[in-house]
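A closer look at the structure
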Amino acid sequence: MSRSVLIAANWKLNPNTLKGSQELASGVSEGIKDKKSSKVEVAFCVPAIYLQAIESIIAKSPIKLGGQNLYFEEKGAFTGEISAPMLTDIGAKYVVLGHSERRTLFAETDELISKKAQVSLKHNLIPIVCVGETLEQREKNETDSVIISQLNKSLKSVETNGDNLVIAYEPVWAIGTGKTCSSEEANRVCGLIRQGLAKLYSKEIAEKVLILYGGSVKSNTIKEQMQQSEIDGALVGGASLIVDEFVQLVLNAG
Ligand code: PGA
């Protein structure tokens, strides 16, 4: 089966001005216009405060909008949070959930991520659910059990047809460190994730889910990563903040 390709930019807590965010979005949009492969979808997962401004820049382009987090309640007295219906209303297609920075710095658990994924799907948002092992876990040979456990618990009670779910395999030790997981190993773990999805859902559904690799992906690593049978795209942090680098990355992905 040939799946489509998704290159999702995870801007994290950047850039720190509205103008900077607009320049980044319009620079990339211009740079890939009429050049990127039609098989490749690009999404900008941006800080909540920039969602509307970026939506208006990419509205007439094929680039999609994504949030970086949400709260599992739909409305009410939850100061400081944003909801799934708010993200859908503003035009988001995706939301990143369970990124390792949220798991470690904000104490997010698999149980919480499952609740967030459920509410996302209820509001037609596609969750990009992140899983990944730490260096310590890898060195103790726990990678596979950690990944399967995160996958099973984060997707508990989450119903999908396969088209509305994305998984990102992001080894924690490769995020923002310049250390990329070898393409073969990333492919092996993405294959393990697909087997896990087949057990949770069905083989047919698992074949449809896009599985991204994330962790120090650059324009000069993406070609080899995209040649792997189980890798359907990338979740890109640092390299998504530099217009020329991200444009080249998207063009090399197709
Ligand atoms: P990085 O971040 O590309 O800067 O390693 C990836 C991510 O955290 O999603």
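Below is a short write-up of the structure. Remember, predicted model here, so these are calculated numbers, not experimental data.

Rules used throughout
Residues numbered from 1 in each chain as written. Predicted model: local features only at pLDDT ≥ 70, side-chain atom pairs only at ≥ 80, totals over all residues. Heavy atoms only, no water. Helix = DSSP H or I, 4+ residues; strand = E, 2+ residues; numbered from the N terminus. Rg over C-alpha atoms; globule rule 2.2 N^0.38 Å. Buried < 20%, exposed > 50% of the residue type's maximum accessible area, 1.4 Å probe, protein only. Contact = heavy atoms within 4.5 Å. Areas by Shrake-Rupley, 256 points an atom, 1.4 Å probe, with all protein chains shown as cover. Lys, Arg positive; Asp, Glu negative; His and termini not counted. Charge placed at Lys NZ, Arg CZ, Asp CG, Glu CD. Pairing = 2+ DSSP bridges. Axes fitted to C-alpha atoms, helices over the stretch in contact; angles between N-to-C directions. Parallel < 35°, antiparallel > 145°, perpendicular 65-115°, else oblique. Left-handed = near helix turned anticlockwise from the far one by under 90°. Nonpolar A, V, L, I, M, F, W, Y, C, P; charged D, E, K, R; others polar. Phe/Tyr/Trp six-rings, centres within 6.5 Å; stacked < 30°, edge-to-face > 60°. Lys NZ or Arg CZ within 6 Å of the ring centre and 35° of its normal.

A few words now on the overall build of the protein. Looking only at helices and strands, the protein features 11 helices and eight strands. Here the C-alpha atoms of the protein give a radius of gyration of 17 Å, agreeing with the 18 Å that 2.2 N^0.38 yields for 254 residues. Counting the 254 residues in the protein, one finds 54% classified as buried. Considering only residue pairs separated by 6 or more positions, the protein has 73% of its internal contacts joining residues 24 or more positions apart. Put simply, the protein shows about 11700 Å² of open surface, and 51% of that area lies on carbon and sulfur atoms. In the protein, which carries 28 positive and 30 negative side-chain charges, the distance between the mean positions of the two groups comes to 2 Å.

What follows concerns the sheet that holds strand β3 (residues 64-67). Taken together, the eight strands give a closed barrel; going around it, the order is β1-β2-β3-β4-β5-β6-β7-β8, and neighbouring strands pair in parallel fashion. Within this sheet the neighbouring strands show an average axis-to-axis angle of 25°, counted without direction. One ladder, built from three bridges, connects β3 with strand β4 (residues 92-97); its direction is parallel. Its bridge partner being in β4, glycine 67 is matched across the sheet by valine 95. Those strands touched by helix α2 (residues 51-58) are β2 (40-45) and β3, and its axis lies near 165° from that of β3.

It is at 9 Å that the axes of helix α1 (residues 18-32) and helix α11 (residues 243-253) come closest, and there the two elements cross at 40°. Considering the angle they form, α1 stands oblique to α11. Judged by the sense of rotation from one axis to the other, the crossing of α1 with α11 is right-handed. Where α1 abuts α11, its residues Glu23, Leu24, Gly27, Val28, Gly31 and Ile32 lie against Val243, Phe246, Val247, Val250 and Leu251. Looking at the contact of α1 with α11, its residues break down into eight nonpolar, two polar and one charged.

Moving on, we get to the packing of aromatic side chains. Within this structure, the stated rule accounts for four aromatic pairs. For the pair tryptophan 11 and phenylalanine 44, a centre-to-centre distance of 5.5 Å together with 35° between the ring planes defines the contact as tilted. Taken together, the positions of tryptophan 11 in the loop between β1 (5-10) and α1 and phenylalanine 44 in strand β2 put the pair 33 residues apart, joining distant regions of the chain. For tryptophan 11, a relative accessible area of 0% puts it in the buried group. For phenylalanine 44, a relative accessible area of 1% puts it in the buried group. An aromatic cluster is defined as three or more aromatic residues linked by ring pairs; in this entry it consists of Tyr71, Phe72 and Phe78. Between arginine 102 and the ring centre of phenylalanine 106, over which it is positioned, the NZ or CZ distance is 4.3 Å. Lying across the ring of phenylalanine 72, lysine 115 places its NZ or CZ 4.5 Å from the centre.

In short, geometric facts, not functional conclusions.
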